[in-house]
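# Descriptive analysis of the structure
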Amino acid sequence: MKDTERRILLGRIVGAFGVRGEIKLESWTEPRTAIFNYQPWILRTPAGQESTLTGARGRQSGKHLVAVFPGITDRDVVESMYGTEVYVSRSALPPPKADEYYWVDLEGLQVRTVDGVELGRASHLFSTGSNDVLVVQGDRERMIPFVQPEFVVSVDFETNLIVVDWDPEF
């Protein structure tokens with residue numbers, strides 16, 4: 001398994017809500033409100049400054065969350081936080097169920113075809129809406145649909161290997 005202290009990006013501050021210091025928060029957890037279950041948060045501003053926050057709470061409002069941070073009651077303070085990213089340590093997340101994993105656990109694994117051709121390492125994954133995509137960095141960048149078992153045959157954390165059924169020429 002990966003380093004459990006690795007940071008996971010869970011959301012971002014996207015604006016102020018009202019005049020009392022409430023924060024409009026974008027969350028990438030499922031469900032979106034689950035972001036409040038994983039604390040402490042590591043807040044990273046666009047300038048790279050970091051701070052730790054515990055005690056954030058909030059509610060769903062449309063496509064965003066409305067959050068309250070301890071000690072923040074001023075809209076101007078919130079507006080200065082625009083673009084701040086919300087991270088947690090990997091260890092703050094619950095362990096995945098058997099045969100499940102977090103995307104971050106796949107990052108850095110070696111990717112090889114079923115025929116033994118080394119393609120590189122898993123850089124990251126992203127969602128297209130219809131399926132997830134594994135980005136592999138090697139002699140060149142490859143984007144492989146993360147569809148099991150059609151393209152992704154196996155994931156083995158013991159050997160740090162993802163085996164794919166993929167033409168290396170693509």
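So, here is what we can say about the structure in this document. (Residues numbered from 1 in each chain as written. Predicted model: local features only at pLDDT ≥ 70, side-chain atom pairs only at ≥ 80, totals over all residues. Heavy atoms only, no water.)

This part covers the overall build of the protein chain. Helix and strand content of the protein chain: two helices and 13 strands. Along the first, second and third principal axes, the C-alpha atoms of the protein chain reach 60 × 30 × 25 Å. Per-residue burial for the protein chain yields a buried fraction of 38% across its 170 residues. Contacts spanning at least 24 positions in sequence make up 50% of the contacts within the protein chain whose residues lie at least 6 apart. As displayed, the protein chain has an accessible area near 9,700 Å², and 49% of this comes from carbon and sulfur atoms. Of the charged side chains in the protein chain, 18 are positive and 25 negative, and the gap between their average positions amounts to 8 Å. (Helix = DSSP H or I, 4+ residues; strand = E, 2+ residues; numbered from the N terminus. Buried < 20%, exposed > 50% of the residue type's maximum accessible area, 1.4 Å probe, protein only. Contact = heavy atoms within 4.5 Å. Areas by Shrake-Rupley, 256 points an atom, 1.4 Å probe, with all protein chains shown as cover. Lys, Arg positive; Asp, Glu negative; His and termini not counted. Charge placed at Lys NZ, Arg CZ, Asp CG, Glu CD.)

What follows concerns the nonpolar core. Ranked by size, the top nonpolar core spans 24 residues in total, and within it L25, I35, F36, W41, L43, F69 and V88 carry the most contacts. Contributing elements (two or more residues each) for this core: strand 1 (7-17), strand 2 (22-27), strand 3 (41-44), strand 6 (64-68) and strand 7 (85-89). By residue number, the principal contributor to this core is strand 1, which donates four residues. Excluding residues within four positions of it along the chain, L43 makes contact with Q49, E50, S51, L53, F69, M81, T84, E85 and V86. Counting residues in each nonpolar core, the second largest holds 15 residues, with V111, L119, I144 and F146 among its members. (Core = buried A, V, L, I, M, F, W, Y, C linked by side-chain atoms within 4.5 Å.)

What follows deals with the pattern of salt bridges. Within this structure, the stated rule accounts for nine salt bridges. Between E50 and R44 there is a salt bridge; the shortest N-O distance is 3.1 Å. The exposure class of E50 is partly exposed, given its relative accessible area of 40%. Here E79 and R75 are joined by a salt bridge, their closest N and O atoms 2.9 Å apart. Taken as a pair, E79 and R75 lie in helix 1 (residues 75-80) at a separation of four residues, close to a single helical turn. Linked through salt bridges whose partners overlap, the residues forming this network are R7, R44 and E50. (Salt bridge = Lys/Arg side-chain N within 4 Å of Asp/Glu carboxyl O.)

With that settled, the discussion passes to the sheet that holds strand 9 (residues 118-127). Taken together, the six strands give an open sheet; going across it, the order is 11-10-9-8-13-12, and neighbouring strands pair in mixed fashion. Because the sheet does not close on itself, it has two edges, and the strands there are strand 11 (141-145) and strand 12 (152-156). The mean inter-strand angle of the sheet, taken between neighbouring strand axes irrespective of direction, is 35°. Relative to strand 11, strand 10 (residues 132-137) runs antiparallel, the two being bridged by five bridges. Along strand 11, the bridge assignment pairs V133 with P145. (Pairing = 2+ DSSP bridges. Axes fitted to C-alpha atoms, helices over the stretch in contact; angles between N-to-C directions.)

As judged from the four bridges shared by strand 12 and strand 13 (residues 161-164), these two strands associate in the antiparallel manner. Looking across to strand 13, one finds that S154 is bridged to V163. Here strand 12 folds back onto strand 13, and the loop between the two strands holds four residues, one of which, N160, carries a positive phi near 55°.

Moving on, we come to the packing of aromatic side chains. Under the definition given, this model contains six aromatic pairs. Relative to F69, the ring of W41 lies with its centre 5.7 Å away and its plane at 75°, an arrangement referred to as edge-to-face. Pair noted here: W41 is in strand 3 and F69 is in the loop between strand 6 and helix 1, with a separation of 28 residues, a long-range link. Judged by relative accessible area, F69 falls into the buried class, the value being 2%. For the pair Y101 and F157, a centre-to-centre distance of 5.7 Å together with 70° between the ring planes defines the contact as edge-to-face. (Phe/Tyr/Trp six-rings, centres within 6.5 Å; stacked < 30°, edge-to-face > 60°.)

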